[in-house]
Amino acid sequence: AHGLNNSSKRHGFQTYSEETQAVEDCIQLLGGAFDNDKPKTWLSPGFSVSTSTSDILLDAGIENILDFVDDDVPFRLIKDNGDGKNGEDFPPSVLCLPYSMETNDFSLVLTRHLSPKDYASALESHIEQLAKESRESEEPIVVFLGL
């Protein structure tokens, strides 16, 4: 899911209840369109997240978030229930899959005006670099291509 649209009031500028409602509305709409098969992955409109976005998404049943551009290595965010212990053997968590701005179509095609050939070359170069880094570090690295 990518929100109801990419130009509504962004999560970072909504109250907690507005953001919760926006997420619920989007998930219900998409679930209804696909035989109640609700989305499990989320990319916030405009990469705008609040301090509550991850918890709201986890509570809504989202399992993967694509909002983070800080690394190429997947990581988990664990929901804290407020007692500092999380109270469970396996606390609720959401998998954060990195989204690379280096390969983002908006960044490269619309802003830098790369031709289709140059865009493909940039993608190829990025993938080759990440593959090299993954071999050297032995850590999993994710290649996310926003299409």
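You'll find the structure just up there.
Calculation notes
Every chain begins its residue count from 1, and numbering advances along the sequence as written. Local features in this predicted model are restricted to residues of pLDDT 70 or higher, and side-chain atom pairs are both shown and tallied only at a pLDDT of 80 or more, whereas totals for entire chains, interfaces and linings draw on every residue. With hydrogens and water set aside, each side-chain value is computed from the structure's full complement of heavy atoms. Helix numbers and strand numbers start at the N terminus; a helix is a DSSP run of H or I with at least 4 residues, a strand a run of E with at least 2. Think of it in three bands: residues with accessible area under 20% of the maximum for their type are buried, residues over 50% are exposed, and the middle band is partly exposed, with areas taken using a 1.4 Å probe on protein chains only. By the convention used here, residues are in contact when the closest approach between their heavy atoms is within 4.5 Å. Per-residue and other accessible areas follow the Shrake-Rupley method at a 1.4 Å probe size, with only the shown protein chains counted as cover for residues. As used in this record, nonpolar core signifies buried Ala, Val, Leu, Ile, Met, Phe, Trp, Tyr and Cys residues forming a set joined through side-chain atoms within 4.5 Å. Working rule for helices: expected span equals 1.5 Å times residues minus one. By definition, the arc is the one covered by directions from the helix axis to the C-beta atoms. For two strands to be treated as a pair, DSSP must find at least two bridges joining them.

Another aspect to go through is the overall build of the chain. For the chain, the count of helices and strands is four helices and four strands. Secondary structure elements in the chain, listed N-terminal to C-terminal, are α-β-α-β-β-β-α-α. Per-residue burial for the chain yields a buried fraction of 31% across its 147 residues. Sequence-distant contacts, at least 24 apart, represent 53% of the contacts inside the chain between residues at least 6 apart. Carbon and sulfur atoms make up 53% of the accessible area of the chain, which totals about 9300 Å².

Judged by nonpolar contacts, V23, C26, I27, W42, I56, L57, L58, I62, I65, F68, V94 and C96 together constitute the single largest core of 12 residues. Within the residue set of this core, elements represented by two or more residues are α1 (16-33), α2 (53-59) and β4 (93-96). Once residues within four sequence positions are removed from consideration, I65 is found in contact with W42, S54, L57, V94, L95, C96 and L97.

Right, let's talk about α1 for a bit. Compared with the 26 Å implied by 1.5 Å per residue over 18 residues, the 26 Å span of α1 between its first and last C-alpha is a close match. Within the sequence span of α1, burial applies to E19, T20, V23, C26, I27 and G31. Angular distribution of buried residues about the axis of α1 spans 135°; they occupy a single face of the element. More than 90 degrees from the buried face of α1, the exposed residues found are S17, L29, G32 and A33. Of the surrounding secondary structure, the elements contacted by the buried residues of α1 are β1 (41-42) and α2. Following α1 by one or two positions, D35 has its phi on the positive side, about 50°.

Okay, the sheet that holds strand β2 (residues 64-65) next. Spatial ordering of the open sheet is given by β1-β2-β4-β3, a layout of four strands whose pairing is mixed. The strands lining the two open edges of the sheet, one partner per strand, are β1 and β3 (75-78).

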